[in-house]
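Geometric and topological summary
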Amino acid sequence: MKVAFACSECFPYVKTGGLGDVCGSLPKSLFDLGCEIKVFLPLYGGINTSNHKLSLSDELRDIPVMIGNSTHTFNVWTGKLPNSEVDVYLIDNPHYFHRELPYTNDRDEDERFILFQQAMLITIQYLKWSPDIIHCNDWQTSLIPAYLKTTFAWDKLFESTKSVLSIHNIGYQGRFSPESIYNSNLPVEYFYPYSPFELDNSFCFLKAGIVYSDIITTVSPTYSEEIQTEEFGAGLEGVLKSRSGDLYGILNGIDLDVWNPLTDHYIKTHYSIDNLEDKEENKKNLINRIEFKYNEDTPVFGIISRLTGQKGFDLLKPILHHLLENNDIQLIVLGSGETQYEELFRSAQYAFPDKLFFWSGYNTELSHLITAGSDIFLMPSHYEPCGLNQMYSLNYGTVPIVRKTGGLADTVKDYHEFDEKGNGFSFKDYLPDALEKTIHRALYMFKDKKIWKEIMIRGMKEDFSWKISAEKYMDLYKKIIS
Ligand code: ADP
């Protein structure tokens with residue numbers, strides 16, 4: 001099985017969220033299952049080619065690609081995904097990709113990913129490599145299924161190539177002005193109201209991907225149902241419904257080379273179910289690091305998140321001060337994003353300097369320390385396609401409190417006194433009161449050390465490795481090429 005994997009971020013080269021984690025780990029598991037797999041991504045300015053042992057290809061240089069009427073050129077850097085034999089190809093065009101961040105609000109954001117997607121297909125042509133599957137991820141790569149059936153359809157190389165589109169978050173759709181179709185090198189006459197490229201008078205990359213791909217997947221079974229509803233479909237529910245027979249929900253896995261309490265190289269004291277008491281050393285270390293007062297009986301809550309409305313902080317807003325004032329708890333927040341949520345945590349830190357610690361920004365080391373050192377992980381998302389942090393937390397014996405939506409509903413089982421199945425705490429209603437009650441339930445159970453340990457162990461016993469999910473992708477690939 002030959003698979004070309006298209007993505008706009010891939011750990012460890014570049015990551016802004018879960019997409020980066022998935023694209024850095026799923027290809028390795030597919031390779032282990034026997035796939036011949038090549039990963040393609042843009043070479044952003046922040047990627048250090050020598051640190052990542054990437055080399056500039058001699059053959060793949062100064063290759064022309066059209067954006068509208070202008071010709072641009074690109075080079076290709078190649079290497080192996082770390083700890084694997086997976087080939088990576090990074091598309092290099094400094095004009096478009098050497099910017100402060102991978103994603104921008106610049107006027108030419110559409111052109112950046114139009115260039116990337118065409119450049120990827122052109123590179124495949126230069127390699128004379130005929131993939132069975134092109135696996136696309138999110139809007140930044142979702143024109144590829146349309147290119148395969150239009151602009152690039154003449155090429156026999158792609159004659160039996162099928163496409164898979166994975167939607168990691170329906171909230172991001174790549175909507176641009178109608179004029180953008182002229183930049184795309186797609187047939188402009190295909191853009192008209194209700195056409196595969198049009199949504200609310202915008203040129204919508206994701207809609208094109210949903211219409212043209214052979215199979216659509218999303219990152220959890222529950223989310224695959226939710227996005228077909230008006231509440232969660234973000235305007236694409238109708239198109240998704242029309243393709244519901246080809247829409248599958250496959251839960252993401254986690255990369256156990258990176259997120260494993262027995263080997264994690266950011267944490268000082270490693271632990272597993274067999275020496276769970278050593279997790280407490282990580283709590284001490286975390287608390288000392290932020291210069292709070294350590295107390296075994298004070299539950300430490302962790303949050304690691306993009307600070308956006310999606311993540312449910314509107315539920316925390318009205319109860320946060322009250323919660324900190326009336327409970328012996330400590331809350332450590334790592335994240336950056338919308339000003340209103342940064343303000344929320346900054347003002348709470350000001351009011352409760354010995355109870356709330358807020359680190360604004362992106363910090364990989366701290367994210368591991370919080371995952372290992374917290375007692376409870378808070379993730380009350382409004383919607384959550386899959387969510388990785390709750391799976392990392394479960395794996396580290398850090399008990400999650402989540403809202404029952406998307407992948408959170410598929411991974412966190414609410415604790416109930418008598419059924420002995422719970423690995424965390426969850427609630428359904430998107431209401432501050434529901435969150436507060438759930439936090440109180442967790443605080444109450446935290447006092448019972450025996451039960452708490454059982455909850456932790458049940459979480460740590462869950463198998464979130466990629467193997468199971470990678471097999472499901474393989475089955476889908478086989479199904480569409482047969
Ligand atoms: P999403 O993709 O919606 O952001 P996920 O839970 O799927 O959410 O994945 C988020 C990933 O990004 C996790 O690996 C998490 O640890 C990481 N992350 C999010 N915010 C930060 C941050 N401020 N610092 C470090 N890592 C972060």
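Residues numbered from 1 in each chain as written. Predicted model: local features only at pLDDT ≥ 70, side-chain atom pairs only at ≥ 80, totals over all residues. Heavy atoms only, no water.

Time to look at unusual backbone geometry. Note that the residue after F11, namely P12, is joined by a cis bond; omega there is 10°. As for its placement among the helices and strands, P12 is situated in the loop between β1 (2-6) and α1 (18-32). At D200, a residue that is not glycine, the phi angle is positive and equals roughly 50°. You can see D200 is positioned in the loop between β10 (198-199) and β11 (202-204). Overall, the relative accessible area of 60% leaves D200 in the exposed class. Its identity is not glycine, yet E420 carries a phi of approximately 55°, on the positive side. Residue placement: E420 occurs in the loop between α14 (406-411) and β19 (425-427). (Helix = DSSP H or I, 4+ residues; strand = E, 2+ residues; numbered from the N terminus. Buried < 20%, exposed > 50% of the residue type's maximum accessible area, 1.4 Å probe, protein only.)

Let us look at the state of the cysteines. Going through the model one piece at a time under the given rule, you end up with zero disulfides. Its sulfur unpaired, C10 is 4.8 Å from the next cysteine sulfur, which belongs to C7. By relative accessible area, C10 is classed as buried at 0%. C386 takes part in no disulfide bond, and the closest cysteine sulfur to it belongs to C23, at a distance of 13 Å. The class for C386 is buried, based on a relative accessible area of 2%. (Disulfide = S-S within 2.5 Å.)

Another aspect to go through is the sheet that holds β11. Reading across from one edge, β9-β11-β10 is the order of the three strands in this open sheet, with antiparallel pairing throughout. With partners counted over all chains shown, the strands left at the sheet margins are β9 (175-176) and β10, one partner each. Direction of pairing for β9 relative to β11: antiparallel, over a ladder of two bridges. Bridge assignment links F176 to a residue of β11, and that residue is F203. (Pairing = 2+ DSSP bridges.)

Looking now at the site of the ligand. Near the ligand lie 20 residues; those nearest to it are G18, D21, R306, K311 and G361. Within the side chain of K15, one N or O atom sits 2.8 Å away from an oxygen atom of the ligand. In this structure, a nitrogen atom belonging to the ligand sits 2.8 Å away from a main-chain N or O atom of G361. Relative to its unbound accessible area of 570 Å², the ligand is 93% covered by the protein chains. Elements that contribute at least two residues to the shell around the ligand include exactly α1, β14 (300-307), β15 (330-337) and α13 (389-395). If one sorts the elements of the shell around the ligand by residue count, β14 sits on top with three residues. Counting contributing residues per domain, the shell around the ligand is built from domain 1 (2-253 + 467-481) and domain 2 (273-463), each supplying no fewer than three. (Near = heavy atom within 4 Å. Polar contact = N/O pair within 3.5 Å; in protein donor to acceptor, adjacent residues only side chain to side chain. Areas by Shrake-Rupley, 256 points an atom, 1.4 Å probe, with all protein chains shown as cover. Domains from an automatic or database assignment.)

Entries for the protein in the domain assignment read domain 1 (2-253 + 467-481) and domain 2 (273-463). Listed by partner, the interface residues are 19 residues for domain 1 and 19 residues for domain 2. Where domain 1 meets domain 2, there are zero salt bridges. Remark: the boundary between domain 1 and domain 2 carries nine residue pairs in polar contact (both at pLDDT 80 or more). Counting residues per element, the side of domain 1 that touches domain 2 draws most heavily on helix α6 (residues 221-226), at four residues. Across the side of domain 1 that touches domain 2, the residue classes break down as seven nonpolar, nine polar and three charged. (Contact = heavy atoms within 4.5 Å. Salt bridge = Lys/Arg side-chain N within 4 Å of Asp/Glu carboxyl O. Nonpolar A, V, L, I, M, F, W, Y, C, P; charged D, E, K, R; others polar.)

What follows deals with the pattern of salt bridges. A complete count under the given rule lists 27 salt bridges for this structure. For R61, the salt bridge is made with D58, and the minimal N-O distance between the two is 3.6 Å. Classification of R61 as partly exposed rests on a relative accessible area of 37%. What makes D58 exposed here is its relative accessible area of 60%. Overlapping salt bridges bring together K38, K80, E85 and D87 as one network.

A separate point is the packing of α1 against helix α17 (residues 466-481). At a closest axis distance of 9 Å, the pairing of α1 and α17 adopts a crossing angle of 70°. Comparing their axes, α17 and α1 come out roughly perpendicular. Contact with α1, carried on its side by V22, S25, L26, S29 and L30, involves W466, A470, Y473, M474 and Y477 of α17 and no other residues of that element. When the residues that make up the contact of α1 with α17 are grouped by side-chain class, the tally is eight nonpolar, two polar and no charged. (Axes fitted to C-alpha atoms, helices over the stretch in contact; angles between N-to-C directions. Parallel < 35°, antiparallel > 145°, perpendicular 65-115°, else oblique.)

With that settled, the discussion passes to the environment of T217. Of note, T217 is situated in strand β12 (residues 215-218). Relative accessible area serves as the criterion here: at 0%, T217 is assigned to the buried category. Spatially, the C-alpha atom of T217 lies 5.6 Å from that of G249, the residues being 32 residues apart in sequence. With near-sequence residues (within four places) excluded, T217 lies in contact with V164, L165, S166, I167, L247, Y248, Y473 and L476. At a separation of 2.6 Å, a polar atom in the side chain of T217 contacts the side chain of S166.

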